[in-house]
Amino acid sequence: MKTNINVGSSIKKIIFDMLLICLFILCVMNNRDPDFINYENQYIAYGTGQASNLLYKYEPLYACCGILFYKLGLSFYQYRIFIFLIVFCVFRKVVLDYAKKPVFVLLCFMIFPFLLFCVQMRNAVGIVFVMYGIRFLKSNTKRGNIKYIISIMIASMFHEMCFFYIVLVFVNHKNFYKFYKWFVMAEFVFIYTIFPAVLRIMFNITHNRRFWYYNTDVPPDVVIRHSFPVLLLVLLLLYCRTPRKSVMNKCLQTDELFIRCSLMSCSFILFIKVNINFSRLIYFMMPFIIITLSNISSNINKRIVKNDRYLLRSISIAVVSLYFILLLSPLQEESYISVTQAVLPWLK
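Here is what the cut-offs are and how they apply
- Numbering of residues starts from 1 in every chain and runs along the sequence as written.
- Owing to the predicted nature of the model, reporting of local features is limited to residues with pLDDT of at least 70; listing and counting of side-chain atom pairs is limited to 80 or more, with chain, interface and lining totals taken over all residues.
- Only hydrogens and water are set aside; all other atoms, that is, all heavy atoms of the structure, feed into the side-chain values.
- Only DSSP runs of H or I covering at least 4 residues are called helices, and only runs of E covering at least 2 are called strands; the numbering of each starts at the N terminus.
- Only protein chains enter the calculation, and the probe is 1.4 Å; a residue is then buried if its accessible area is under 20% of its type maximum, exposed if over 50%, and partly exposed in between.
- Here, two residues are considered to be in contact whenever any of their heavy atoms come within 4.5 Å of each other.
- Here a polar contact means two N or O atoms within 3.5 Å. Within protein one must be a hydrogen donor candidate and the other an acceptor candidate, and residues neighboring in sequence count only if both atoms are side-chain atoms.
- We count a salt bridge whenever a side-chain nitrogen from Lys or Arg sits within 4 Å of a carboxyl oxygen from Asp or Glu.
- Surface patches are drawn from residues lacking salt bridges whose relative accessible area is over 30%; two like charges belong together within 9 Å, two nonpolar side chains (Val, Leu, Ile, Met, Phe, Trp, Tyr) within 5 Å.
- To measure how exposed things are, a 1.4 Å probe is used in the Shrake-Rupley method; for residues, cover is taken only from the protein chains shown.
- In plain words, nonpolar cores are sets of buried Ala, Val, Leu, Ile, Met, Phe, Trp, Tyr and Cys residues tied together by side-chain atoms within 4.5 Å.

1. Details of the environment of S267
When you line up the elements, S267 lands in the loop between helix 13 (250-266) and helix 14 (280-283). S267 gets classed as buried once you look at its relative accessible area, which sits at 4%. Taking C-alpha positions, S267 is 9.2 Å from L231, a pair spaced 36 residues apart along the chain. Discounting chain neighbours no more than four positions away, the residues touching S267 are Y180, F183, V184 and E187. One polar contact links S267 to E187, side chain to side chain, over a distance of 3.4 Å. At 2.5 Å, the side chain of S267 and the backbone oxygen of M264 are in polar contact.

2. Observations concerning the pattern of salt bridges
Here the structure, examined in full by the defined rule, presents six salt bridges. Note that K100 is salt-bridged to D255, the shortest N-O span being 3.7 Å. Placement of K100 in the loop between helix 5 (76-98) and helix 6 (102-111) and of D255 in helix 13 is noted, with a sequence separation of 155 residues between them. Judged by its relative accessible area of 36%, K100 is partly exposed. Of the charged contacts in the structure, one is a salt bridge between E256 and R260, with a shortest N-O distance of 2.9 Å. Linking E256 with R260, this pair stays in helix 13, spanning four residues, or about one helical turn. The burial state of E256 is the same as that of R260; both residues are buried.

3. Section: the environment of I86
Relative to the elements of secondary structure, I86 occurs in helix 5. I86 sits 43 residues away from F129 along the chain, and the two C-alpha atoms are 9.7 Å apart. Among residues more than four places away in sequence, those in contact with I86 are V125 and F129.

4. Here we look at a nonpolar patch on the surface
A cluster of nonpolar side chains, contributed by I21, I25, M29, Y77 and I81, occupies part of the molecular surface with about 440 Å² of accessible area. Mapped by element, the contributors of at least two residues to the nonpolar patch are helix 1 (2-29) and helix 5. It is helix 1 that contributes the most residues to the nonpolar patch, three residues altogether. Along the polypeptide, I21 turns up in helix 1.

5. With respect to the nonpolar core
One finds Y165, L168 and M286 to be the most contacted residues of the largest nonpolar core, which totals 113 residues. The leading source of residues in this core is helix 5, at 12 residues. Residues in contact with M286, not counting those within four places in the same chain, are F112, P113, L233, V319, V320 and Y323.

That's the geometry; what it means functionally is another story.
Next comes the structure, spelled out in structure tokens:
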């Protein structure tokens, strides 16, 4: 019996690796989206010393890698292969270490947000380091928190927006769900009152154009459309949380940690009121949320899902499919042409 299980696991791992290699090839072959040209121009600017000092200051690791590859005489295309090699190696490690159903997680990732990973390279490499760093929070120790913060700093040196995830150090708070309620309320007040002014002040101090670019006002209908699926995820995650009086074995402890990390990540969707680009904070974290839901479906013992282990997986598929429809399907013509058709040109 054990032999069959091992053979089955080996076959699933082979399938996982083959799918991942196919996705990697699709990523590195993509050179049609608008971001490719922008990244290439930035790479040349790094190598020739024409880039703004602000770029070195706020994302130094990405800049240093670009300078090194340019000085070695390598093209941007070769540099891009190197970056995506990091992304997929770390992503593979994360999924295989965290997920009980890695092939299922990868299939959901293929639906959404894989196409965004292909286009937004810096976000992709930053978020995989964030997801990798969550393992350090399991120990619930000062040393573990420091290791997590270091992983966030590394991620932020590829994309500054990853610094937001530093708040995940609070997931081990003794009264987390009470803390989470007050955190979301404070976040809501901060975003709708103070945050736009903070962005303006940061722009005046640093002259970093991103602070000005991110300070817009998104229409309410767009905010609702992007927020509704996340609200469903939050309600589902709150329902699946481990009861206080449960005996916390190692498996349940990990599930509970992942639920808390997913909840904290979902709270970032509030920032899209300021600028739609903040939605990346939740979209790029979607693979981790899918890992959380698929793991829970193997352990949960509650009313609704007690007798249906496939319910949470079905909901996971529904959420990523809904986001694909809302963001990358022909319903969103601009994104469909610039992202979906750019990566998958045979759709034209």
